[in-house]
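Each chain is listed here by its residues.
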Amino acid sequence: MTGNGYRTIAFYPDRCDGCNLCVEACAEHHAGSKEAVHSRIRVCGDEEGRYTGIALCRQCSMPRCAMNCPAGALSKDPETGVVCWDEEKCVGCLLCTLTCPYGGIVFNAASGRVMKCDFCGGRPACVEACTRGALELKRGADLYNAWGDLEDLVVPGISACLGCNSELLLRHTLRRIGPNVVLATPPGCIAGVGAVGVNGKTAVKTPVFHPLLTNTASMLAGARRYYNRIGRDVTMLALGGDGGTADVGFQSLSGAAERGEQMIYICVDNEGYMNTGVQRSGTTPFGAWTSTTPVGSVLRGKTREAKPLPLLMVMHNCEYVATACTAFMEDYYEKLEKAIEASKKGMAYIHVFSPCPTGWRFPPGKLIEAGRKAVQTNIVPLWEFELKTGRIRFTYPVDDPLPVQEYLSLIGKFRHLDEEQIRLIQEQTERKIQILKAFTKEGRDGDETRVEGVGS
């Protein structure tokens, strides 16, 4: 690894209502006054009253302000990544304010000096003051700093489709878990990209085998029991598709979960059999086009809702169950960490939402956006269940979700949906959130919580 990764502040203009709480918080933190003149952040709007941007220091990797400072008053801290301003060295020439393309360093008329964001020692006051989530402290760099030195256990040049989410997941998961693992990849996309071998070579640098669709969990259970017998602690890991998990492979998964077998089972849910021609699976959502749920004069995509597999795994009393999305990598790493520990006692199950550019008909460059919108609309809520608490906890609660249409409009397999189908999907999404909330601490403690569909 070369150098450090740094935290940064992200701005989401669609969530900003121009309240200026961030401006006041910044000014108060640095000057003890809420006057905007002391704030290092500005919210910028257009003539229609929409708030479209912020003026804030981006802590550039090659800061123009520092390169053009004749006094050497600006420099980048290699440890924190913050571009620091030295008041003692500054001669007040204001060249820095002219060279910054983001308006990140400005002249404060009240103090007579320039000012810029200093990240508030790692806890930006503007982010903490924002009640709408328009400002977010991105911590992805922490993952890079923590795990970037570890070996990538997947070779370059594998045969995954362009923009494949499964490859992203495979690389991150194996890098974190490490080489002391036995990997099972049943028939599906991950096995298909060469993970189990092409021309006598495998794409992964760990022990890997190719079970049937029907026996992935049971084979891993047997392997783990053998290692237990000889006194070796080896992680058992399955990376299976939704077909091999929710459909034909469910019997072995259910049995292993009921017995409390020690393993991490990750379902890479791309909502269909993408590797064999985009057929529907048990987790294909309502209204989706697949090659076996076509769109025409009679059918308008799948007519049934997706199987709630993560909840079914909760009902098996697994040690740990979680949903995840690679658009929220920090959230995924935290869950993977818990899954590794839980797998020493019993089964840990992670259900990963996995958009497929090829089978879902959207550009590969939209992969992460599709994942974010799925979460932000509550189509894919992120949560976890720990057996020791017996409750579900939302790890990325979305209290003010976007309309489902904002996600559906990105995905080609939903392009045919009419208004009635979209309305039904919106209702299904809201109903599923209510069901999940009934399993949270707040839901279970509430005397008046009543959820249709549970126990009926």
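This text follows the structure it describes.
A brief look at the structure comes next. All values derive from a computational prediction rather than experimental measurement. (Residues numbered from 1 in each chain as written. Predicted model: local features only at pLDDT ≥ 70, side-chain atom pairs only at ≥ 80, totals over all residues. Heavy atoms only, no water.)

## As for the nonpolar core
Logical step 1: Ranked by size, the top nonpolar core spans 35 residues in total, and within it Leu174, Leu237, Leu239, Ile266 and Tyr332 carry the most contacts.
Logical step 2: Contributing elements (two or more residues each) for this core: helix 6 (165-177), strand 9 (181-184), helix 7 (189-195), strand 11 (235-241), strand 12 (263-269), strand 13 (320-325), helix 12 (329-342) and strand 14 (347-353).
Logical step 3: In terms of residue count, helix 12 provides more of this core than any other element does, 7 residues in total.
Logical step 4: Look past the residues within four positions of Leu239 in its chain and what remains in contact with it is Leu169, Leu170, Leu183, Ala184, Thr185, Pro186, Ile190, Ile266 and Val268.
Logical step 5: Residues Ala217, Ala221, Ala238 and Ala246 belong to the second largest nonpolar core, which totals 33 residues. (Core = buried A, V, L, I, M, F, W, Y, C linked by side-chain atoms within 4.5 Å. Buried < 20%, exposed > 50% of the residue type's maximum accessible area, 1.4 Å probe, protein only. Helix = DSSP H or I, 4+ residues; strand = E, 2+ residues; numbered from the N terminus. Contact = heavy atoms within 4.5 Å.)

## Here we look at the packing of helix 6 against helix 12
Logical step 1: Direction vectors running N to C along helix 6 and helix 12 enclose 45°, while the axes themselves pass 11 Å from each other. Accordingly, the angle class assigned to the pair helix 6 and helix 12 is oblique. Crossing handedness for the pair helix 6 and helix 12: right-handed. Taking contact as the criterion, the partners of Leu168, Leu169, His172, Thr173, Arg176 and Ile177 in helix 6 are, on helix 12, Met329, Tyr332, Tyr333, Leu336, Glu337 and Ile340.
Logical step 2: Looking at the contact of helix 6 with helix 12, its residues break down into 8 nonpolar, 2 polar and 2 charged. (Axes fitted to C-alpha atoms, helices over the stretch in contact; angles between N-to-C directions. Parallel < 35°, antiparallel > 145°, perpendicular 65-115°, else oblique. Left-handed = near helix turned anticlockwise from the far one by under 90°. Nonpolar A, V, L, I, M, F, W, Y, C, P; charged D, E, K, R; others polar.)

## So, the packing of aromatic side chains
Logical step 1: According to the stated counting rule, one finds 8 aromatic pairs in the structure shown.
Logical step 2: On the basis of an interplanar angle of 55° and a centroid distance of 5.7 Å, the ring pair of Phe353 and Trp360 is categorised as tilted.
Logical step 3: Accessibility expressed as a relative area gives 0% for Trp360, which makes it buried.
Logical step 4: In this structure an aromatic cluster arises from ring pairing among Phe353, Trp360, Phe362, Tyr407 and Phe414.
Logical step 5: Its guanidinium or amino end placed over the ring of Tyr12, Arg15 lies 4.2 Å from that ring's centre, counting from NZ or CZ. (Phe/Tyr/Trp six-rings, centres within 6.5 Å; stacked < 30°, edge-to-face > 60°. Lys NZ or Arg CZ within 6 Å of the ring centre and 35° of its normal.)

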